[in-house]
Amino acid sequence: MDDKKLTAIPELDQLLYKFTELLTGEATPERVEMVKIWCLYSHMSKAMPPLVQHWASEPEHAEARDQIRGMIEQIKQWNQTKNQKH
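Calculation rules
Residues numbered from 1 in each chain as written. Predicted model: local features only at pLDDT ≥ 70, side-chain atom pairs only at ≥ 80, totals over all residues. Heavy atoms only, no water. Helix = DSSP H or I, 4+ residues; strand = E, 2+ residues; numbered from the N terminus. Expected span 1.5 Å × (residues − 1). Buried < 20%, exposed > 50% of the residue type's maximum accessible area, 1.4 Å probe, protein only. Arc of directions from axis to C-beta. Contact = heavy atoms within 4.5 Å. Phe/Tyr/Trp six-rings, centres within 6.5 Å; stacked < 30°, edge-to-face > 60°. Axes fitted to C-alpha atoms, helices over the stretch in contact; angles between N-to-C directions. Parallel < 35°, antiparallel > 145°, perpendicular 65-115°, else oblique. Nonpolar A, V, L, I, M, F, W, Y, C, P; charged D, E, K, R; others polar. Patch = residues over 30% accessible without salt bridge, like charges linked within 9 Å, V, L, I, M, F, W, Y side chains within 5 Å. Areas by Shrake-Rupley, 256 points an atom, 1.4 Å probe, with all protein chains shown as cover. Salt bridge = Lys/Arg side-chain N within 4 Å of Asp/Glu carboxyl O.

The end-to-end C-alpha distance of helix α1 (residues 10-24) is 21 Å, a good match for the 21 Å that 15 residues give at a rise of 1.5 Å each. Turning to α1, its buried residues are L16, T20, L23 and T24. The arc enclosing the buried residues of α1, seen along the axis, measures out at 70°, which places them on a common side. Turned more than 90 degrees off the buried face of α1, the exposed positions are E11, Q14, L15 and L22. In this structure, the buried side of α1 is in contact with α2 (29-47) and α4 (62-85). Within two residues after α1, G25 carries a phi angle of roughly 95°, on the positive side.

In C-alpha cells form, the structure reads like this:
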C-alpha cells in the first residue's frame, strides 16, 4: 500500500454529518463517529458475513463487539426518539 496518507473528502464529511443529523436528530462529533462505525460494521456484515461472524466470535474481541452493539442500540434509540417527535 502507498505510504501517502489518504486525504479526507470534505463533501463526504458533510454528507455524513447530514446523514447523522437526519438519522439521530443531532450531528455531534460523538454521534457522527458512532454512525460512521455503525455504517462500516453494517456494510462489512453484509459484504462478508463469515469474516464478521468469525471476528465477533473471538474472545479477545468481545469488548469491542459489545461496544459496537451498544452504539447500534443507542443510534436506534435516538432514531426512534426523533421519529416520535415528528
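Back to the text.
A full pass over the atoms with the stated rule returns two aromatic pairs. Pairing F19 with W38 gives two aromatic rings, centres 6.3 Å apart and planes at 10°, and the pair type is stacked. Pair noted here: F19 is in helix α1 and W38 is in helix α2, with a separation of 19 residues, a long-range link. Looking at W38, the relative accessible area reads 23%, which means it is partly exposed.

Below, the discussion takes up the packing of α1 against α4. Here α1 crosses α4 at 65°, and the two axes come no closer than 7 Å. Put simply, α1 runs roughly perpendicular to α4. Along the contact surface, α1 presents E21, L22, L23 and T24, while α4 presents I75, W78, N79 and K82. Taken together, the residues that form the contact of α1 with α4 break down as four nonpolar, two polar and two charged.

What follows deals with a nonpolar patch on the surface. There is a patch of nonpolar side chains on the surface, built from I9, L12 and L15 and spanning about 310 Å² of accessible area. Structurally, I9 is set in the segment before α1.

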